[in-house]
Amino acid sequence: MAKLATLAIGSKIGRFGRLRILALMMLVLLLAVRAWDPWPVEALRLKVFDQYQQLVPGGALASPVTLVAIDEASLAKLGQWPWPRNVLADIFKRIGASGAAAIGVDVVFPEADRTSPSRLAQNLPTFSADLKRQLALLPSNDAILAESLAPNRVVLGRAGATGMGAANALSHLTPVAEIGGSPLPYLPRFDDVIANLAELSAAAAGRGVITVVPELDGVVRRLPAVVAMQDKVLPSLTVEMLRVATGSSAIAVRSDRSGLTGVVVGNVLVPTDRDGRIWVRFADRHNRHLVSAADVVEGRFDPAVFAGRLVLMGAYASALGDIKATPLNVAMFGVDIHAQMLETILTGTGLKRPPYALGAELSLILLTGLILVVFIPYLRGKWTVVLGVAVGALVAGLSWWLFLQERVLIDWSYPAGSLIVVYTMLVYTGYIEEERSKQQVRGAFSQYLSPALVEQLAREPDLLKLGGELREMTFLFCDVRGFTTISEGFKGDPQGLTRLINRFLTPMTDAILA
């Protein structure tokens, strides 16, 4: 019997050991997957961060940005886009005269204006020779636009491109100081540039990259502060606008061994992630001024909406197609996204995904997983559920608190998912092992104990103790005198013998039990 008890208890100890080994192996696998970070894991994490912004979008702070919209009303009044560039020159002059700190243009002008007088003379053969000579003497619309750029602190956009064949030469570069090493290995990279006409680029107060690179799911969450184009570092449109507005002649990029830490503009450090991108805190509402370009042309605006402000001009009509998805499930125009990035920088409300985020998430997975591995095998029923839910809620609550209080993005979805996997594995394999243990107990004791006691031991193997236990018990030892002779009398009626014995044993047993 002692040998059988040892077998049952050893089976229980072995079951706990196997449970933990399997759970630890699964935990190591989950940690490896998170370190690898395949696309489904990243997509889930980004959706969690989107949900945070949807629950608590950016506030309606007083915006330092004014938008000049190339909207439907402007297209109706000024004609189809692109407009003659002398019209754009007039817009920039009016905005600059109102005291704008800088004007950013979310548009590229790579080709000459076809409506310039000399171009019209070439394209309309019905003009007389004298009229053509007079038109050729007039300044081109591009020259008129170029003359309006520098005095009004206009920053032109340039677009990044890939796969265009021979790369265009980069010119008119903003000086970039590198602090802590070259940032090129970490930055978003483009092979080529779609630049403005040379005379426009040379005359502009600044030039910034306007390309918005969505995540793999097509949602724009981060915008680059600087990008790598060929072997050069170029500022984004918003960073270049800040440089022009502050009167700085250069920007600086700060890096360490893990990547970028920020961009310095006007002696102010703008924090970025390791790839030089900024997590934009999107707002579903804002106090930003929006002025139709047609109203600027016709002079129907309050100069105060431009005075001392950063002005962005860009497409604000669906027909122009510059629309992007954002975390708020709202389709935004590209110029509006640039405005939100400017507001994020200037109000200091940018979200942070610090370099230690991956280490923190791996630590959460390991710590919470070990808690389950240690305690789940000892718990029963509802307490396993309580422990699993409590640990999961702790992880999610910590992530939410960091977002609200520190604007730090720490993912809870993968650690919580890992908890579910480990918890399910422990509970399910525990159930399988429990059933296997019961079968072993039944097989080991069925020849020695009554079926009821075997089932009790299968349900409660803790009842088995090496060395036995002391109890006060009552036993009945009984023999029936002449039983052989009696049984021979029931040779033809064995059921009758059974009834006779039961008539004797039942009252005797009742007495013992009493």
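Let me sum up the structure you'll find in this document. (Residues numbered from 1 in each chain as written. Predicted model: local features only at pLDDT ≥ 70, side-chain atom pairs only at ≥ 80, totals over all residues. Heavy atoms only, no water.)

Points about the overall build of the protein chain
- Counting its secondary structure elements, the protein chain contains 17 helices and 18 strands.
- Counting across all 514 residues of the protein chain, residues that qualify as buried make up 45%.
- At a minimum sequence separation of 6, the contacts of the protein chain that also span at least 24 residues come to 77%.
- Of the roughly 26,300 Å² of accessible surface on the protein chain, a fraction of 60% belongs to carbon and sulfur atoms. (Helix = DSSP H or I, 4+ residues; strand = E, 2+ residues; numbered from the N terminus. Buried < 20%, exposed > 50% of the residue type's maximum accessible area, 1.4 Å probe, protein only. Contact = heavy atoms within 4.5 Å. Areas by Shrake-Rupley, 256 points an atom, 1.4 Å probe, with all protein chains shown as cover.)

Section: unusual backbone geometry
- Cis peptide bonds are those with omega within 30 degrees of zero, and the linkage from Trp81 to Pro82 qualifies with 5°.
- If you trace the backbone, Pro82 turns up in the loop between helix H3 (72–78) and helix H4 (85–97).
- The phi dihedral of Asp37 is positive, around 60°, even though this residue is not glycine.
- Looking at the secondary structure, you find Asp37 in the loop between helix H1 (2–36) and helix H2 (39–55).
- Even without being a glycine, Asn267 presents a positive backbone phi close to 65°.
- Along the chain, the position of Asn267 falls in the loop between strand S12 (259–265) and strand S13 (268–271).
- Looking at Asn267, the relative accessible area reads 78%, which means it is exposed.

Points about the sheet that holds strand S4 (residues 176–179)
- With mixed pairing, the four strands of this open sheet are ordered in space as S4-S11-S12-S13. Two strands lie at the open edges of the sheet, namely S4 and S13, each paired on one side alone. The mean angle between the axes of side-by-side strands here comes to 30°, regardless of whether they run parallel or antiparallel.
- Bridge analysis of S4 against strand S11 (residues 251–256) gives four bridges, and the strand direction is parallel. Within S11, the position partnered with Ile179 by the bridge is Arg254.
- Seen against the sheet, helix H9 (residues 237–246) touches S11 and S12 and runs at an angle of roughly 30° to S12. (Pairing = 2+ DSSP bridges. Axes fitted to C-alpha atoms, helices over the stretch in contact; angles between N-to-C directions.)

So, the packing of aromatic side chains
- Using the criterion set out here, one finds seven aromatic pairs in the structure.
- Their ring planes at 40° and their centres at 5.0 Å tell us that Tyr52 and Phe403 sit as a pair that is tilted. Separated by 351 residues along the polypeptide, Tyr52 in helix H2 and Phe403 in helix H13 (residues 382–406) bring together distant segments of the chain. Of the two residues, Tyr52 and Phe403, both sit in the buried class.
- Their ring planes at 25° and their centres at 5.8 Å tell us that Trp400 and Phe403 sit as a pair that is stacked. You can see Trp400 and its partner Phe403 sitting in helix H13, three residues apart, about one turn around the helix. (Phe/Tyr/Trp six-rings, centres within 6.5 Å; stacked < 30°, edge-to-face > 60°.)

Notes on the packing of H4 against helix H7 (residues 141–149)
- Closest axis-to-axis distance for the H4/H7 pair is 8 Å, and the angle between their directions is 15°. Viewed along their axes, H4 and H7 adopt a mutual orientation that is roughly parallel. Note on packing geometry: the crossing formed by H4 with H7 is left-handed. Facing Arg85, Asn86, Leu88, Ala89, Phe92 and Lys93 of H4, the residues of H7 in contact are Asn141, Asp142, Ile144, Leu145, Ser148 and Leu149.
- Of the residues belonging to the contact of H4 with H7, the class tally is six nonpolar, three polar and three charged. (Parallel < 35°, antiparallel > 145°, perpendicular 65-115°, else oblique. Left-handed = near helix turned anticlockwise from the far one by under 90°. Nonpolar A, V, L, I, M, F, W, Y, C, P; charged D, E, K, R; others polar.)

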